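Analysis of the macromolecular model
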Amino acid sequence: MKIIAVSNLYPPDGLGGYEMGCRQIVTALHEAGHEVTVLTAAPRKPIHADERHLLRTLRLADPYAPSARNGGHPQGRAHQLALAGCCDAYNVHRFVAELERLQPDLVYFWNLWGLGGISLIAATQLLGLPWRMHIMDAVPSQLCNLTGSVRPELGRAFARLIRGRFFCCSRTVIDEIKSNGVPIGPSCDIVPNWVTTDGAPARSDWLIDCKLRIAFAGAVSLHKGADIVIEAAAQLKRDGFTRFQVDLFGPVVDPRFQAMINASRLQEHVTLQGSKPQQELWKMYEQYDLFAFPTLPREPFAFAPLEAAAHGCVPVIPHICGNAEWMLDGVDLFKTERTADGYARLFRRVIQGEIDLAKVGRQAVRQLLRDFHLKTIFPKIEAGLKQATAERRPAHASTHDIYRLALLAERSVRDMLQEAA
Amino acid sequence: MNPSGINIFESERPSLGHRLLRKLLKPLLLRIQAAVDELATYQRRQAAELQELSDKLQALKLEHTAAVRRLARFEELYGKLPTQASDSQRGDHAE
């Protein structure tokens, strides 16, 4: 197959698992003999070496920038949201030019927020090209969000007019998109996230020297629950436990976490380790017993707990999140309430030997490497893409017409937002 | 404030009738206020309990989904279990 993949960000420029997942699938498609070109936005900081099949020619109306969320004039923010989600004529121009040049069999969309995603989907459909979108976040509802929430008529129109299908990583993310006002359910195929690591199938030791070692990886922030992990450690210490260590890996943007550690006199037990390269982190998981991951209920399906589990570092996740619909409590991970009490209780049970951690750890490794390895998941994605190529239709418009329409749409949206202000 | 717009509790020169009414109504109003407060507390507690039950239900649904998917994967690898109930009895998810 000849494929154009489109993603707002692409490693090394990225925010997390979505872009990493995109690159892993692109690599797998290349290895399977398909011709894939990735179209993405200019990086947010310089990148020295890049892959040959990569075109960083789009522009990003960065919806993740702090100014897009809470700075500047409200009308400026609304215009930014419209460019990010609805229509960006410049990106349509670049996109259709690449489609014309490369003549792909299908377009494989990833995260389109920031690129004027709806206009790229519309352009693809007008050219009669089949498409699939991989969803690891509530992207369709983000695209339809022009004013801080999704207007119901826009959400319904999006769901009615799309002709492609979505690979969704969880029911949780589909439900969130639906509850945001974009009922795409019937167009979704659920495909879980994956690991690419070889894991630690030979791992045999847990709780070495009767010491519990806990890892946390991701943005050290409130939404990932770093505060919950630190507070749980403080509870352990207050309860008189001393043989435990908590290491938090990831960028620390808020000094409050070190302050929390200092205030609870946890310096001996809790350390902010900073960011580590992914492969280094994978190896390090083998030295840890538990992976504390108190993420938010809306978490679609995080990669980090999967990678930790593949190395025998047993995830502890909240009862409610996307990961919880794929893994079994007490079988290949642990689930608990998303509170410091809940996490501390579980840590205590492990330290006191009430839980057979080695048994769960071995099962986690087996499970991940068998059912969640990319080697297992990729054929389903490849089959879905192959199926899509049969959906080609005659073009409804020329590339010139599409660009004119995009210019018209971008101006109309801008005028409407000005009138509404 | 009564329907006529005169606040019988704050009136600068309350008449005898107003004073009598105030004496009669104040304890009643205090009891009503206490009952309203109690009802609000009850509703808050009910809402919290409902939220807790809803969270438990959601957690069970996710665990059930995980189990159904695990079973489906098991069957994909090793074939159907000989003693298991039919899909309809098991309440399989259509996805």
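Let us look at the structure shown here. (Residues numbered from 1 in each chain as written. Chains lettered and ligands numbered in written order. Predicted model: local features only at pLDDT ≥ 70, side-chain atom pairs only at ≥ 80, totals over all residues. Heavy atoms only, no water.)

**A word on the overall build of chain B**
Helices and strands together make up the secondary structure of chain B, namely two helices and zero strands. The buried share of chain B, taken over its 95 residues, is 13%. Accessible surface, chain B: about 7,800 Å² in total, of which carbon and sulfur atoms supply 61%. (Helix = DSSP H or I, 4+ residues; strand = E, 2+ residues; numbered from the N terminus. Buried < 20%, exposed > 50% of the residue type's maximum accessible area, 1.4 Å probe, protein only. Areas by Shrake-Rupley, 256 points an atom, 1.4 Å probe, with all protein chains shown as cover.)

**Details of the packing of helix α4 (residues 89–102) of chain A against helix α16 (residues 399–420) of chain A**
Each pair of packed helices gets described by two things: the angle between the helix axes and the distance between those axes. All names here are of chain A. Viewed as axis vectors pointing N to C, α4 and α16 meet at an angle of 165°, and their least axial separation amounts to 9 Å. Viewed along their axes, α4 and α16 adopt a mutual orientation that is roughly antiparallel. Note that α4 runs across α16; the crossing there is right-handed. Mapping the contact onto sequence places Ala 89, Tyr 90, Val 92, His 93, Val 96 and Glu 100 in α4 and Thr 399, Ile 402, Tyr 403, Ala 406, Leu 407 and Glu 410 in α16. (Axes fitted to C-alpha atoms, helices over the stretch in contact; angles between N-to-C directions. Parallel < 35°, antiparallel > 145°, perpendicular 65-115°, else oblique. Left-handed = near helix turned anticlockwise from the far one by under 90°. Contact = heavy atoms within 4.5 Å.)

**Quick word on the interface of chain B and chain A**
Contacts between the two partners involve 16 residues from chain B, matched on the other side by 21 residues from chain A. For the chain B and chain A pair, buried surface summed over both sides reaches about 1,400 Å², with 52% attributable to carbon and sulfur atoms. Among the residues of chain B in contact with chain A, Leu 62, Arg 69 and Arg 70 of chain B are the three that bury the most area, contributing 43% of the side total. For the pair chain B and chain A, the number of links is four salt bridges. Here Asp 371 of chain A makes a salt bridge to Arg 73 of chain B, at a shortest N to O gap of 2.6 Å. Across the side of chain B that touches chain A, the residue classes tally to seven nonpolar, two polar and seven charged. (Buried area = accessible area lost by both parts, 1.4 Å probe. Salt bridge = Lys/Arg side-chain N within 4 Å of Asp/Glu carboxyl O. Nonpolar A, V, L, I, M, F, W, Y, C, P; charged D, E, K, R; others polar.)

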